[in-house]
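These are the residues of each chain, in order.
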Amino acid sequence: MKCPNCGKKLKEMKYPAGFCFECEACHGRFLSLGMLRRGSSNPKLLDDLWARAQVSPKDGRDCPSCGQTMKMVTERLQGKFIELDVCLMCQNVWFDPFELEQMPTTL
């Protein structure tokens, strides 16, 4: 899999809640919704994210896994607005550098 930001190869990383893929060049990360739910202190936020992605009119980047265009969802986390790319096919989320740290998780 290649990074949708810079095209570098994604490296598999192990977390207590499961595996994710990280770009060693730009530090973006690609995680499954399942892993995010397992490590989340706020699963409702993820349910809302998924529901909004399904109706989002905004296209995001191409999914590193399946190549489909992901849906872009704006999320307010810790007082900041971030745009997340959600793959409806793979049920994965792309986090740009430092976005994952804004999520209420215990990864």
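This text gives an overview of the structure that appears in the document.

The phi angle at Gln-78 is positive, at roughly 50 degrees, despite the residue not being glycine. For Gln-78, the position within the fold is in the loop between β5 (69-77) and β6 (80-87). A relative accessible area of 60% means that Gln-78 is categorised as exposed. Unlike most non-glycine residues, Phe-98 shows phi in positive territory, near 70 degrees. Along the chain, Phe-98 turns up in the segment after β7 (92-95).

In spatial order, the strands read β1-β2-β3-β7-β6-β5-β4; together these seven strands make up an open sheet with antiparallel pairing. Each edge of the sheet is formed by a strand with only one pairing partner; in this case those strands are β1 (10-15) and β4 (59-62). Between one strand axis and the next, the sheet turns through 35 degrees on average, direction left out of account. Pairing geometry for strand β3 (residues 29-32) and β7, over four bridges, is antiparallel. Residue pairing in the sheet places Phe-30 in a bridge with Trp-94 of β7. Together, β5, β6 and β7 form the strand contacts of helix α2 (residues 43-55), whose direction differs from that of β5 by roughly 140 degrees.

Bringing α2 into the picture now. Between its terminal C-alpha atoms α2 stretches 19 Å, which fits the 18 Å expected from 13 residues at 1.5 Å a residue. Regarding α2, the residues found buried are Leu-45, Leu-46, Leu-49, Trp-50 and Ala-53. Buried residues in α2, looked at end-on, bunch into an arc of 135 degrees, giving them a common side. Pointing more than 90 degrees away from the buried face of α2 are the exposed residues Lys-44 and Val-55.

Turning next to the environment of Gln-54. With respect to the secondary-structure elements, Gln-54 resides in helix α2. The spacing of Gln-54 and Met-72 is 18 residues in sequence and 9.9 Å in space, taken between C-alpha atoms.

The final tally for this structure, using the stated rule, is nine salt bridges. For Asp-47, the salt bridge is made with Arg-37, and the minimal N-O distance between the two is 3.2 Å. In this pair, Asp-47 is assigned in helix α2 and Arg-37 in helix α1 (residues 33-38), connecting sequence segments 10 residues apart. Look at Asp-47 and you get partly exposed, because its relative accessible area is 39%. Between Arg-61 and Asp-96 there is a salt bridge, and its shortest N-O distance comes to 3.0 Å.

Per the counting criterion, the structure on display carries one aromatic pair. Pairing Phe-30 with Trp-94 gives two aromatic rings, centres 6.3 Å apart and planes at 40 degrees, and the pair type is tilted. Of this pair, Phe-30 sits in strand β3 while Trp-94 sits in strand β7, and the two are 64 residues apart along the sequence. Like Trp-94, Phe-30 is buried. Stacked on the ring of Phe-19, the Lys or Arg Lys-14 has its end atom at 5.1 Å from the ring centre.

About the thresholds
- Residues numbered from 1 in each chain as written.
- Predicted model: local features only at pLDDT ≥ 70, side-chain atom pairs only at ≥ 80, totals over all residues.
- Heavy atoms only, no water.
- Helix = DSSP H or I, 4+ residues; strand = E, 2+ residues; numbered from the N terminus.
- Buried < 20%, exposed > 50% of the residue type's maximum accessible area, 1.4 Å probe, protein only.
- Pairing = 2+ DSSP bridges.
- Axes fitted to C-alpha atoms, helices over the stretch in contact; angles between N-to-C directions.
- Contact = heavy atoms within 4.5 Å.
- Expected span 1.5 Å × (residues − 1).
- Arc of directions from axis to C-beta.
- Salt bridge = Lys/Arg side-chain N within 4 Å of Asp/Glu carboxyl O.
- Phe/Tyr/Trp six-rings, centres within 6.5 Å; stacked < 30°, edge-to-face > 60°.
- Lys NZ or Arg CZ within 6 Å of the ring centre and 35° of its normal.

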